Amino acid sequence: MPRKFFKRHLPEPEKVRQHASLRFLGDLLHQPNLWHLNRKSVSRAVFIGVFCAFIPFPSQMLIAALISLWIRSNLALSIGLVWITNPVTIPPIFYSTYKLGCFMLDIPAADFDIEMSWQWLTESMRLFIAPLLVGSFTVGTILASISYIAITLMWRQNVLKRWQDRKLLRSKRKP
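Thresholds, definitions, all that
Residues numbered from 1 in each chain as written. Predicted model: local features only at pLDDT ≥ 70, side-chain atom pairs only at ≥ 80, totals over all residues. Heavy atoms only, no water. Axes fitted to C-alpha atoms, helices over the stretch in contact; angles between N-to-C directions. Helix = DSSP H or I, 4+ residues; strand = E, 2+ residues; numbered from the N terminus. Parallel < 35°, antiparallel > 145°, perpendicular 65-115°, else oblique. Contact = heavy atoms within 4.5 Å. Nonpolar A, V, L, I, M, F, W, Y, C, P; charged D, E, K, R; others polar. Patch = residues over 30% accessible without salt bridge, like charges linked within 9 Å, V, L, I, M, F, W, Y side chains within 5 Å. Areas by Shrake-Rupley, 256 points an atom, 1.4 Å probe, with all protein chains shown as cover. Salt bridge = Lys/Arg side-chain N within 4 Å of Asp/Glu carboxyl O. Lys, Arg positive; Asp, Glu negative; His and termini not counted. Charge placed at Lys NZ, Arg CZ, Asp CG, Glu CD. Buried < 20%, exposed > 50% of the residue type's maximum accessible area, 1.4 Å probe, protein only. Left-handed = near helix turned anticlockwise from the far one by under 90°. Polar contact = N/O pair within 3.5 Å; in protein donor to acceptor, adjacent residues only side chain to side chain. Expected span 1.5 Å × (residues − 1).

Visitor: Can you walk me through the packing of helix H6 (residues 90–105) against helix H7 (residues 118–173) in this structure?
Guide: How two helices pack is summed up by the angle between their axes together with the distance between the axes. Following both chains from N to C, one finds H6 and H7 inclined at 105 degrees, their axes separated by 7 Å at the closest point. Our classification of the angle between H6 and H7 gives roughly perpendicular. Within the contact between the two elements, H6 uses Phe-94, Thr-97, Tyr-98, Leu-100, Gly-101, Cys-102, Met-104 and Leu-105 and H7 uses Phe-128, Ala-130, Pro-131, Leu-132, Val-134, Gly-135, Ser-136, Thr-138 and Val-139. Looking at the contact of H6 with H7 residue by residue, the class counts come to 12 nonpolar, five polar and no charged.

Visitor: In this structure, what is going on with a negative patch on the surface? I would like to understand it.
Guide: Residues Asp-111, Asp-113, Glu-115 and Glu-123 make up a contiguous surface patch of negative charge. Looking at where Glu-123 falls in the secondary structure, it is placed in helix H7. Glu-123 gets classed as partly exposed once you look at its relative accessible area, which sits at 42%.

Visitor: It is not clear to me how the packing of helix H3 (residues 39–53) against helix H4 (residues 60–71) should be interpreted in this structure. Could you clarify?
Guide: Here H3 crosses H4 at 150 degrees, and the two axes come no closer than 9 Å. Considering the angle they form, H3 stands roughly antiparallel to H4. The handedness of the crossing between H3 and H4 is right-handed. Note on element contacts: H4 touches H3 through Gln-60, Ile-63, Ala-64, Ile-67, Ser-68 and Ile-71, opposite Arg-44, Ile-48, Cys-52 and Ala-53.

Visitor: When you look at the side chain of Thr-97 in this model, what are you seeing that I'm missing?
Guide: Checked against the element boundaries, Thr-97 lands in helix H6. Assessed through its relative accessible area of 3%, Thr-97 is described here as buried. At 3.0 Å, the side chain of Thr-97 forms a polar contact with the backbone oxygen of Phe-94.

Visitor: Can you walk me through H3 in this structure?
Guide: Along an α-helix, residues three or four apart share an orientation, since each turn contains 3.6 residues. With 15 residues, H3 extends 21 Å between its outermost C-alpha atoms, agreeing within 8% with the 21 Å of an ideal straight helix rising 1.5 Å per residue. Of all 15 residues in H3, 11 are buried, a share of seventy percent or more. Among all positions in H3, only Ser-41, Val-42, Ser-43, Ala-45, Val-46, Ile-48, Gly-49, Val-50, Phe-51, Cys-52 and Ala-53 are buried.

Visitor: I'm lost on the pattern of salt bridges in this one. Help?
Guide: Pairing of side chains with opposite charge becomes possible as their charged atoms draw close. Counting across every chain of the model gives one salt bridge. With a closest N to O distance of 3.0 Å, Lys-161 and Asp-165 form a salt bridge. Within this pair, Lys-161 and its partner Asp-165 are both found in helix H7, separated by four residues, close to a single helical turn. Taking relative accessible area as the criterion, Asp-165 reaches 40% and is therefore assigned partly exposed.

Visitor: Could you clarify how one ought to interpret the environment of Leu-153 in this entry?
Guide: Within the secondary structure, Leu-153 sits in helix H7. Exposure remark for Leu-153: the relative accessible area of 55% places this residue in the exposed category. Residues Leu-153 and Arg-39, 114 residues apart in the sequence, show an inter-C-alpha distance of 9.4 Å.

Visitor: Help me out: how do you make sense of a nonpolar patch on the surface in this one?
Guide: On the surface, a nonpolar cluster with roughly 460 Å² of combined accessible area is contributed by Leu-100, Phe-103, Met-104, Leu-105 and Ile-107. Residue Ile-107 is classed as partly exposed on the basis of its relative accessible area, which comes to 36%.

What follows is the structure in structure tokens.
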């Protein structure tokens, strides 16, 4: 089930290789280990994707791709899971991680009015960057670790169930 599930929902390796933002990786994308669907490659990819989703900077997909290449996890899954943080979920996620960072650093959360200007962004980043980074990396690490363990356990449980089912089927066939 896990392999079939992921295979059904992941894009074909050729589509990912042709993606404009990943073409600079060239021949690195032709390594077969980046496309395997096994317990280790999938659980690593889930860890990388979930962790990179909580990086509060642009280019999360690029970071996930580079880490995937380095660790040899499933590239498509790593990149796809980065989209946990998308334009709809970014505001509540990063506001929550900012608040957590303020709590962890024991500093008061600043009240702010958002302005769409470069000046506001540069001035307010000095106030928000430390708590945002601390909260984001904490939540990212915790959720990525939980996801890694959950995928590993679910994969193992599924394999054990299939073994038991085959054993039961063989015992029914014997005269």
